[in-house]
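Tertiary structure, described
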Amino acid sequence: MSALIETAAPTLRRANLRAGGDRTQIAAFLAAHPEATPFHDLAWLDAVNASTGHDAIVLLCEERGGIAGLLPLHAVRSPLLGAALVSTGFAVGGGILAATPRAMSLLAGAAEELAGRLACPGIELRGGALPDGRKGWTIRRDAHAGFVAPLAADPEAQLLAIPRKQRAEVRRGLGHGLEITVGTAAADRAAHYAVYSQSVRNLGTPVFPRALFDAVLDRFGPAADILTVSHGGRAVASVLSLYHRGAVMPYWGGGTSEARTLRANDVMYYALMNHAR
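Predicted, not measured: the structure shown is a model, and the values here were computed from it.

Turning next to the overall build of the chain. Of the regular secondary structure elements, the chain holds 9 helices and 10 strands. Counting across all 277 residues of the chain, residues that qualify as buried make up 42%. Residue pairs at least 24 apart in sequence account for 63% of intrachain contacts in the chain once pairs closer than 6 positions are excluded. Accessible area for the chain stands at about 15000 Å²; split by element, carbon and sulfur atoms hold 55% of it.

What follows is the structure, given as structure tokens:
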């Protein structure tokens, strides 16, 4: 005797980000997925939406009563760059997270359909993989670069782990009597934004709104902070970092023109590694 067992087809829908049930399920799925990044997190989606107005969207693929995959997106509309669906806005990570190839393919198709409905001519996934066989997608490998390094056991070991020439720059900076502060209070935020905005303007790059930094700090809580290097009471280098799964990600940082002479940026990253440990 044999029997046929029907397997329910996966369903696709847009998550209700105002509903506690959906948010709880999404958080649990992200916590269990090995490739989840801070930029998949609802805290990031909410922060970008609240500070810039870019709509936060999470597409869900559900199967057997649970989430089989998800794709977080921001519907970005820029006067300079036009409209696009981006996973995710202001991020260097994102993309589809799925438990099965079928869920990944369905989410890619759902994103294409959503882009058409929203009159977005493009979709940009800033991480993850693409399902096999989908037409019209290209992969760029020359836009960004990054690296991961382990933290050493103590400050001296951390210093010795830095390549010799750069280590000499850190030692020079440490001899300038620089002061290190870490926090998320109003003074930390003001110092960071002043240094960051000056640094970015000097590079000829548009400055992100301060509301974005405040929103990220507010929503990430203890998983984000600011480390600032000062000289003579003046902030000369500062970095806003995210903490995720035992790693620190220095994300928005910069230094004033004075920082180069003082080697303040070198000291900043050395101090950040020690603080992160």
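That covers the picture; the talk isn't over yet.
Given a rise of 1.5 Å per residue, 17 residues ought to cover 24 Å, and the 25 Å separating the end C-alpha atoms of helix α3 (residues 101-117) matches this to within 8%. Within α3, burial applies to Ala103, Met104, Leu107, Ala108, Ala110, Ala111, Leu114 and Ala115. For α3, the buried positions fall inside an angular range of 165 degrees around the axis, keeping them on one side. Away from its buried face by more than 90 degrees, α3 exposes Pro101, Glu113, Gly116 and Arg117.

Here alanine 237 lies in strand β9 (residues 234-244). Leaving out residues up to four positions away in the same chain, alanine 237 has contacts with Val195, Leu227, Thr228, Val229, Gly254, Gly255, Ala264, Asn265 and Met268.

Going from serine 87 to threonine 88, the amide bond is cis rather than trans, its omega being -5 degrees. Mapped onto the elements, threonine 88 comes out in the loop between β4 (82-87) and β5 (97-98).

Turning our attention to the confidence of the model for the chain. Averaged over the chain, the pLDDT score is 93; the fraction of residues at 70 or greater is 97%. Note that residues 1-6 has pLDDT below 50 and, in this model, 0 contacts with residues that lie over four places away or in other chains.

Scanning all chains against the criterion turns up 14 salt bridges. Between glutamate 169 and arginine 263 there is a salt bridge, and its shortest N-O distance comes to 2.7 Å. Of this pair, glutamate 169 sits in helix α5 (residues 164-174) while arginine 263 is found in the loop between α8 (257-262) and α9 (264-276), placing the two residues 94 residues apart along the sequence. The salt bridge involving arginine 189 is made with aspartate 218; its shortest N-O contact spans 2.8 Å. With arginine 189 in helix α6 (residues 186-202) and aspartate 218 in helix α7 (residues 210-220), the pair connects residues that are 29 residues apart, well separated along the chain. Overall, arginine 189 belongs to the buried group, its relative accessible area being 15%. Among the ionic contacts, a cluster of salt bridges with common partners joins Arg189, Arg210, Asp214 and Asp218.

The subject of this paragraph is the sheet that holds strand β8 (residues 224-231). With respect to topology, 4 strands assemble into an open sheet ordered β7-β8-β9-β10, the strand pairing being antiparallel. Each end of this open sheet is capped by a strand with a single partner; those strands are β7 (179-183) and β10 (247-255). Pairwise comparison of adjacent strand axes, ignoring direction, gives a mean angle of 20 degrees for this sheet. Packing against the sheet, α6 makes contact with β7, β8, β9 and β10, and its axis sits at approximately 105 degrees to β9.

Between the first and last C-alpha of α9 there are 18 Å, a value that for 13 residues agrees with the 18 Å anticipated at 1.5 Å per step. Of all the positions in α9, only Ala264, Asp266, Val267, Met268, Tyr270, Ala271, Leu272 and Asn274 are classed as buried.

Helices that pack against each other are described as a pair by the angle of their axes relative to one another and the distance between those axes. For the pair α5 and α9, the least separation of the axes is 8 Å and the interaxial angle reads 95 degrees. Comparing the axis directions of α5 and α9 gives the class roughly perpendicular. Side by side, α5 and α9 meet where Gln166, Glu169, Val170, Gly173 and Leu174 of the first sit next to Asp266, Val267 and Tyr270 of the second. Its residues assigned to classes, the contact of α5 with α9 comprises 4 nonpolar, 2 polar and 2 charged.

Right, let's talk about the environment of alanine 186 for a bit. In this structure, alanine 186 sits in helix α6. Residue class for alanine 186 comes out exposed when judged on its relative accessible area of 58%. A sequence separation of 152 residues divides alanine 186 from proline 34, and the C-alpha atoms of the two residues are 35 Å apart.

What makes threonine 88 buried here is its relative accessible area of 0%. At 2.9 Å, the side chain of threonine 88 forms a polar contact with the backbone oxygen of phenylalanine 39. Once residues within four sequence positions are removed from consideration, threonine 88 is found in contact with Phe39, Trp44, Leu45, Pro72, Leu73, His74, Gly93, Gly94 and Arg126.

Definitions and limits used
- Residues numbered from 1 in each chain as written.
- Predicted model: local features only at pLDDT ≥ 70, side-chain atom pairs only at ≥ 80, totals over all residues.
- Heavy atoms only, no water.
- Helix = DSSP H or I, 4+ residues; strand = E, 2+ residues; numbered from the N terminus.
- Buried < 20%, exposed > 50% of the residue type's maximum accessible area, 1.4 Å probe, protein only.
- Contact = heavy atoms within 4.5 Å.
- Areas by Shrake-Rupley, 256 points an atom, 1.4 Å probe, with all protein chains shown as cover.
- Expected span 1.5 Å × (residues − 1).
- Arc of directions from axis to C-beta.
- pLDDT = per-residue confidence, 0-100.
- Salt bridge = Lys/Arg side-chain N within 4 Å of Asp/Glu carboxyl O.
- Pairing = 2+ DSSP bridges.
- Axes fitted to C-alpha atoms, helices over the stretch in contact; angles between N-to-C directions.
- Parallel < 35°, antiparallel > 145°, perpendicular 65-115°, else oblique.
- Nonpolar A, V, L, I, M, F, W, Y, C, P; charged D, E, K, R; others polar.
- Polar contact = N/O pair within 3.5 Å; in protein donor to acceptor, adjacent residues only side chain to side chain.

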